[in-house]
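So the chains spell out like this:
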Amino acid sequence: MSSTKKSIIVSYSATPSFITSSSWTQILQTLQSQLPLRNIHWKSSSRTSIRTIHQLDVSLVNLDNVRDELASQVPTTLLERPLLNIYVITCENNDLEAYRATVKRQIKEWHTTVSPRKNQEWLILHVVRADTRVQSGAFFTLKGSVLDKVRADFNTEKRERCVQLVWSPGGTKPAAWAEFLNKLRDGILSAFESAVIQREDEVRRSEGQRQMPGWNFCTFFILKESLATSFEGMTVYDDALVVYEELEVSFEQVLKEKNLSWFGPLITPTSNDDSAPLLTISKKPYRGLILANNISVFDFRIYLLSRQCELLAKAGRLTEVCQKVGVFLSNFGRRLREAESEMAPYFVESWIYSSALSVVDQCDTWASNADVDAKRPAFNAGKAELLEFARNQLDMLGIEKEFLPKKPPFTNALLSSTHRNQKSSSTESISNTQLSAAVTNQESFYDLYIHTTNRAIDLYAKSGRRKFALKLHGSLAALDLHRGQLETTPTRLESALTTYNSLPAHYAPHKWISLESVMLARALETHDIANKSKDREWIHILLAFFKTYAETLGADLLMPEESKVDYVSQLVGALSKAVSELTTDLSHPDHPAFKIRVSSSAIPDETRDGSYLEVSVHNSLPCSIPITEVSVVLAGRDSERFRFTFPGESLAPGKTDFKLFCPIPCHGSFLLDSSEVRMDRLLLQWSHRKTIHNTKSSSARSIAKDNHVLVRVPQDLLAFDIRLRQPPLVALGAPPSLLVAVSTGRNEVSSASLKLSAPSITFDCEDVTVFTKGLTQPDSTPDHILLRDLPKDKEVELLIPHSDASTMHSIKVTIEVNYTTVAEPSINRNLRLTRVITTTLPVSVNVEDFFRGNRLFSKFIVSTISHQHVRISDARLEPPDESSGLKILACSSSKRGIITVTPAQPAQFLFQINSDGPVREALSLDITYRMLQHAEVEFVVEEAVECAIKETPSWKIHRIPLISKLIKMLETDASWVEMYGISGELHIAGSPGSDDILQDPVDAMLQAHKRPSALAGPWHEIKIPVDVPVMNIVAAARIQISAAKDTALYAGQPISATLSVHSSFHWGTSANDKERKYVMQYDVEEMVKEWLVSGKKRGTFIATDEGTFSVPLTLVALHHGEFVLPKVMVNALPLADVDTMGSMAIPNTETYQVHGAEKVLISPRGGRSTFVLGMGST
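Residues numbered from 1 in each chain as written. Predicted model: local features only at pLDDT ≥ 70, side-chain atom pairs only at ≥ 80, totals over all residues. Heavy atoms only, no water.

Enquirer: When you look at the pairing of strand E40 (residues 1054-1064) in this model, what are you seeing that I'm missing?
Expert: Taken residue by residue, a regular strand's side chains alternate between the two faces of the sheet. Of the strand pairs in this sheet, strand E38 (residues 1033-1041) and E40 are connected by eight bridges, and their pairing is antiparallel. Looking across to E40, one finds that Val1034 is bridged to Ser1064. Bridging between E40 and strand E44 (residues 1107-1117) involves 10 bridges; their strand directions are antiparallel. In the sheet register, Val1061 faces E44, and the bridge partner there is Phe1109. (Pairing = 2+ DSSP bridges. Helix = DSSP H or I, 4+ residues; strand = E, 2+ residues; numbered from the N terminus.)

As C-alpha cells, this is what we get:
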C-alpha cells in the first residue's frame, strides 16, 4: 500500500456543453483556489470529543471519470470513492420554462445515478450571473424562482441540498463561496461519518467471529486497517493510531495463543533484510504478503511499526517515533535471537544497528518538513538513544570478535537474554558494508565505534542530557585504555587517564555518584596500568574514590564484600605509603568517609593547665586507616583559636572515641570551627562553620545544625591567667599606664613572654615597672616582657606605660603570652587573651568657685559615673609647690571618715584658698578612692579566706575557687550593700549547693566573718589638675541703713541708706596696679512688692584696686514684715582701649552681696481710729 497522502474525492457533473465551456473552467479554477478546506470540526456521534481537522485536501473529478465497480473482496480505504457528488446547473433564476423543459429532467437523471450509492452525499449548485440574479420587480411575482423550484423538487429529509453561487466572469470574492464551502464541508463530513460507522460495524462483526472456523487474522487486519488509512486521509492521525494500536494488541494476543497459521515463519531472511531502511514500506509488497497469508512475523511487525511511525511523523510526534522504534528493536531483537542459527552471522546486530541509524536519518528528513523546535531537546535525546542502541551492537560485536574486552562498560549491553547460545549455520553474510568491514578489520571497527559514539554524544549534549553524554565519554576512555594496553602506547593511556580524571567533576554537581565511582575506579586502574608514580594527583583521585565509596557504601563495586574489603585495604595501604613520601603537607577538605562528632562540654585537667574534649570519629571505610593525629579547633571571640589534639595510630571501621587535649587554659563558650585527621603528610580537614542558605530540606537543616556546634569549656581557676587593672595612681595630664596582673596559679613558671597590643595604642614595654615587692626587674624589649622563675600561687603586677588614650572610653587589649612550666618544659603554651580595661575615671568632678576679696572658696562635687558605689577616704587640694605662697584650708573636719558616693548621693568638698596675688599655676585635687565591690569587698573576702586557711590548712587547695564562689554570690545578690554601708559588716546571702565541694568552707567563712577595718586594703589615687580662674574685678556691693541698730523702722517711713561698692583687682591681670581704672555700672534691684527705692538707683563709677564707691539711697518699706535688702548688680563697661576680634573687650566681673544674709524688720505704723456704730431705733 502506498504511503502517499490521500485526498478527499468530490465529483462534479453538468451538461456536456457547460462542462466544456470556458465559464466552467473559470469556475472550477476559482473553486480549486478556495481549497484545501481548513479548520473543520468533526463531531462524530460515535466519539465523545470533537476532532479538529486543520487542513483537508479535496480533489474535484468529473463524475464520468469515476468508475463505479462492484464491491471489491479486498477492503480498501473509504476515500477511494467520492464522498460528495455535485451537479451544476446554469439556468437563469427567473427562467422557469427552461427549468421545467430541460433542467429538471437532467437533474433527475443525475440524481437517479448517484442517490443509490452508499455513503455518498449529493449537492446541487445553481450558478447565476451577477447581473441577472434578480430583477427589481421579481419580488412581486407569484411564480417564484428557479432556486425555489429546485429546492421544492429535490430537498428531502429536511436537509438543504441546493445552493446558489453568484458568479461574475471577472472574478468572485471569497465571500461568494462561503455558503457553498459550508455545504461542501457538511456533505463530506456526513458521508465520511456514515462510511466510518458502516466499516466499524463490519470490523466488529469480523472480530466477533474470531473463534469461528475459517476466521483469518490477515483478512481482519486488512479490513480494520482500511479504517486507519481512511482516518489518515482525513488527517485525523490520532484515530488512525488508535486503530493500529488495537491491531497490535490483537496480534500480541495471537502470539500468546500461538496461532500463527496465517503467517509464515518468524523470519525469512532475504539479502538486504539486515541493512534495509526500517521504516520504508516500499521495500517489500507487505499488503500482498498479508493477503496471501504467508508474511513472516518479522515482516509483519516491521510493516505495522512503519505505518505507526509514519502516522506519528505526520502528527509531528517525532520524539515518539524514536521511543517506539527503540522499544521495538530491543524487544524484537531478543525474539530474533531464538532463530539466530537460521540467519547470517551477526544478522541481529546488523539489523538493529542499521535500523537504528536509518530511523535517525528518516526522522531528520521528516523533521526538515515539520516544526519541532519546541520539542527539539527531547527529539535529539530520542535520536541519541537510538544511536547508543546501535553502538551497543558494536559492543557485542567487538566482544565477539575480541576487539573489546569482556568487562564493563562494554559488557553493559550483554543482557542474559541476548547471549549468543548457538552459532549460525547459514553461509550468507550480512549486507551492511560498514559492519562487514568492521568485523573483519580491527581499526575499521574502532573508527566506526568512535564515530557512532561521538554522534550519540553530540545529540545527548544538544538535548541537555549531560549524564548520558558523559557516560559515553567514559566508554571512549575505556576504549583508549584497552587500545593502549594492546598497543603499549603511552599516548592512549594518557588520553584515557585524562578522560577518567575529568568526568567525575561533571558528575559531582548532579549527585551522579554511581557514575562518578565507576570513573574514579577506572582512573585508578588506568594509573596502575600506565605505571605512573603515586603522586599528589593519584592521591586526589583515590580520595575522590573513597568519597563515592563512603556515600554508596561500596554498592557500585561489582565484587563480593570480602573482595571489597581487600580491595579497599590495598588502596589504603598504597595511600599510606604515598603520603609518607610527600615532602610537603597535602590538605583535602570535607571528606565524607569520616564524620567527626564533638562533645558539647570540655573537662578541665585538675593537675595541669588545659582541658580535655571527647571526640568520636566514624570511619565509613571497611578497613582500618593509619593516622598520626586527630585534632579539633574551637573558635572564640575575635581571633581566639584553641586546638585540641590526640596522637592516634589507627582508625578502626565504625565509631572510635578519642579524648583530645588542649594545653592552653581557656574558658567560655566556643564554636566548633574545624577538625582534622592527619595521616603523615595528608591532612583531612572539615570546616564546621559553613553557611547553609537553603534550609528547607531535612538534609540541609541537619547540616546547618551540625555547622553550629557550641562547646562549653569550664573555667580553670588554678590556671595561668592575666588580668588588667587601672594603676594605683592616675594623674591626669601625665603619661598613662595600666597594671598587668600575672597570676601563675598552680604552675611554677620557668619563663613567660608577654606582648600587648591594642588599636591606636602603643605600649612601652621597656619602661615596665614591677609593682610586686620581692621580684627583680624583668627583661624587656620594645614589644615583649620576659618573666622568669615565677613561683606558683603568685600574682605579679607590672606597670606598663602606653600612649595617650584620653579620647577612648575603654581599651581592648590583646595579650599574647608564651609560657613554659617547670613540670612540663617540653610544652610551650601560647595563650592569646583579649581583655578590656576602662580608661575613664570612675568619678566625675565639678567645681564651683566663690571669690571673696583676697580669698577664693572652691567647692568640688564628686559623682560616680556608673551604678557602682565609690568609697572615698580622702580628698585634698594641693598647691603646685611649697614656694607658691598659697594657703589652702579644707573646710571639713579631718575626722570625717570614709564617704560613700552613690549614683543618687554625690560627695562635696570645700576648700579655702588664700594667696598674695593671682594664681598662675594649676593646683592638684588628690582623691583617694576605691570601688566598693571590685576592690574593697573582694579584699575583705580574700582576707577572710586567708584567715580561714590559717585555721584549716587543708582548704588551701580550694582558696581560689572559694574566693571566686563568694564573689559570685555577692554579684548575684545585692542585699548586702545597704547593710555594709551602714554597719561595715559583710553579710552574704545564700550558700552553694549541697553537692558543692566548697559547702563547708563557705559556711565556715560566713559564720567566722568579722567587721573589717575601714582603711585596710588597696586604695587608688586620682590627681586632677585644677586651674584657678582669672577674675579681673571682684566687686563687694553693700546697702547699709543709716539708722541706729536698735531704731524701729515702720512701713511707709523713709529710711536713709548708703550704697557702697568695693572693688578689688587681686585675682585679675591688674593685681596691685593702683593706676588701673575700670568704668563700672551698678543697678539696684527693683523689689516692687517690698521696697520703694528713691535716689540714684542706677549709674556708673570709676573702679580702682581696693577702691570704694558710695551713693546715698532712701528706702521706703511698702508694708510690714522682715525683708532682705535689694541686690545690687555691678558690671564693667567695655574697654575703649582694648579690641578683641573686632569688638571692645569687657572685663570679667564677679559681684557678691555683702548684705546678702541681712534682713530688716519693718513694724506696722501706730495710730487711733474712731468708728460710730448705729444701734437701731426703738
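The discussion continues.
Enquirer: Explain the pattern of salt bridges here, please?
Expert: A side chain of one charge can pair with a side chain of the opposite charge if their charged atoms are brought near each other. In the structure shown here, the tally under the stated rule is 51 salt bridges. The salt bridge partner of Arg317 is Glu320, with a shortest N-O separation of 2.8 Å. Glu320 sits in the partly exposed class, given a relative accessible area of 32%. Overlapping salt bridges, with partners in common, bring together Asp874, Arg876, Glu878, Asp926, Glu1021 and Lys1023 in one network. (Salt bridge = Lys/Arg side-chain N within 4 Å of Asp/Glu carboxyl O. Buried < 20%, exposed > 50% of the residue type's maximum accessible area, 1.4 Å probe, protein only.)

Enquirer: Whenever I open this one, the sheet that holds strand E32 (residues 870-878) confuses me. Can you help?
Expert: Two modes of strand pairing occur in sheets, parallel and antiparallel, and in both the strands are linked by backbone hydrogen bonds. With mixed pairing, the five strands of this open sheet are ordered in space as E21-E37-E36-E32-E34. With partners counted over all chains shown, the strands left at the sheet margins are strand E21 (729-731) and strand E34 (899-901), one partner each. Direction aside, neighbouring strands of the sheet carry axes that sit 30 degrees apart on average. Both E32 and strand E36 (residues 923-931) contribute to a ladder of eight bridges, which runs antiparallel. Along E36, the bridge assignment pairs Arg876 with Asp926. Against the sheet, helix H21 (residues 932-951) touches E32 and E36, its axis set at about 60 degrees to E36. (Axes fitted to C-alpha atoms, helices over the stretch in contact; angles between N-to-C directions. Contact = heavy atoms within 4.5 Å.)

Enquirer: How should I be thinking about the packing of helix H6 (residues 217-233) against helix H7 (residues 237-257) in this particular structure?
Expert: Packed helices, taken two at a time, are described by the angle their axes make and the gap between the axes. Contact geometry of H6 with H7 gives a least axis separation of 7 Å together with a crossing angle of 165 degrees. Classified by the interaxial angle, the pair formed by H6 and H7 is roughly antiparallel. You can see that H6 and H7 cross each other, and the crossing is left-handed. Taking contact as the criterion, the partners of Phe217, Phe220, Phe221, Lys224, Glu225, Leu227, Ala228, Thr229, Phe231 and Glu232 in H6 are, on H7, Tyr237, Asp239, Ala240, Val243, Tyr244, Glu246, Leu247, Ser250, Phe251 and Val254. Here the contact of H6 with H7 is composed, by residue class, of 13 nonpolar, two polar and five charged. (Parallel < 35°, antiparallel > 145°, perpendicular 65-115°, else oblique. Left-handed = near helix turned anticlockwise from the far one by under 90°. Nonpolar A, V, L, I, M, F, W, Y, C, P; charged D, E, K, R; others polar.)

Enquirer: Any chance you could explain the packing of helix H11 (residues 347-368) against helix H14 (residues 442-463) here in plain terms?
Expert: Running from amino to carboxyl end, H11 crosses H14 at an angle of 40 degrees, the nearest separation of the two axes being 13 Å. Taken as axis vectors, H11 and H14 run oblique relative to one another. Crossing of H11 against H14: the hand is left-handed. The segment H11 lies against H14, with Tyr353, Leu357, Val360 and Asp361 engaging Leu448, Thr452 and Arg455. Within the contact of H11 with H14, the residues separate by chemical class into four nonpolar, one polar and two charged.

Enquirer: Just checking my understanding: could you explain the nonpolar core for this structure?
Expert: Within soluble globular proteins, side chains that are nonpolar tend to cluster in buried spots. Among the nonpolar cores identified, the biggest contains 135 residues, and Phe180, Leu184, Ile188, Phe217, Phe263, Leu278 and Trp351 are the most heavily contacted of them. Top element by residues in this core is H11. It accounts for 12 residues. Not counting chain neighbours up to four residues away, the residues in contact with Phe217 comprise Leu247, Ser250, Phe251, Val254, Trp262, Phe263 and Phe300. (Core = buried A, V, L, I, M, F, W, Y, C linked by side-chain atoms within 4.5 Å.)

Enquirer: I'm lost on the pairing of E32 in this one. Help?
Expert: As defined by bridge partners, E32 adjoins E34 across three bridges and the pair is classed as antiparallel. Each bridged residue has a counterpart across the sheet, and for Arg871 the counterpart in E34 is Thr900.

Enquirer: How should I be thinking about the side chain of Lys284 in this particular structure?
Expert: Among the secondary structure elements, Lys284 is positioned in the loop between H7 and helix H8 (286-291). In this view, Lys284 contacts Thr270, Asp273 and Asp299; residues no more than four positions away in its chain are not counted.

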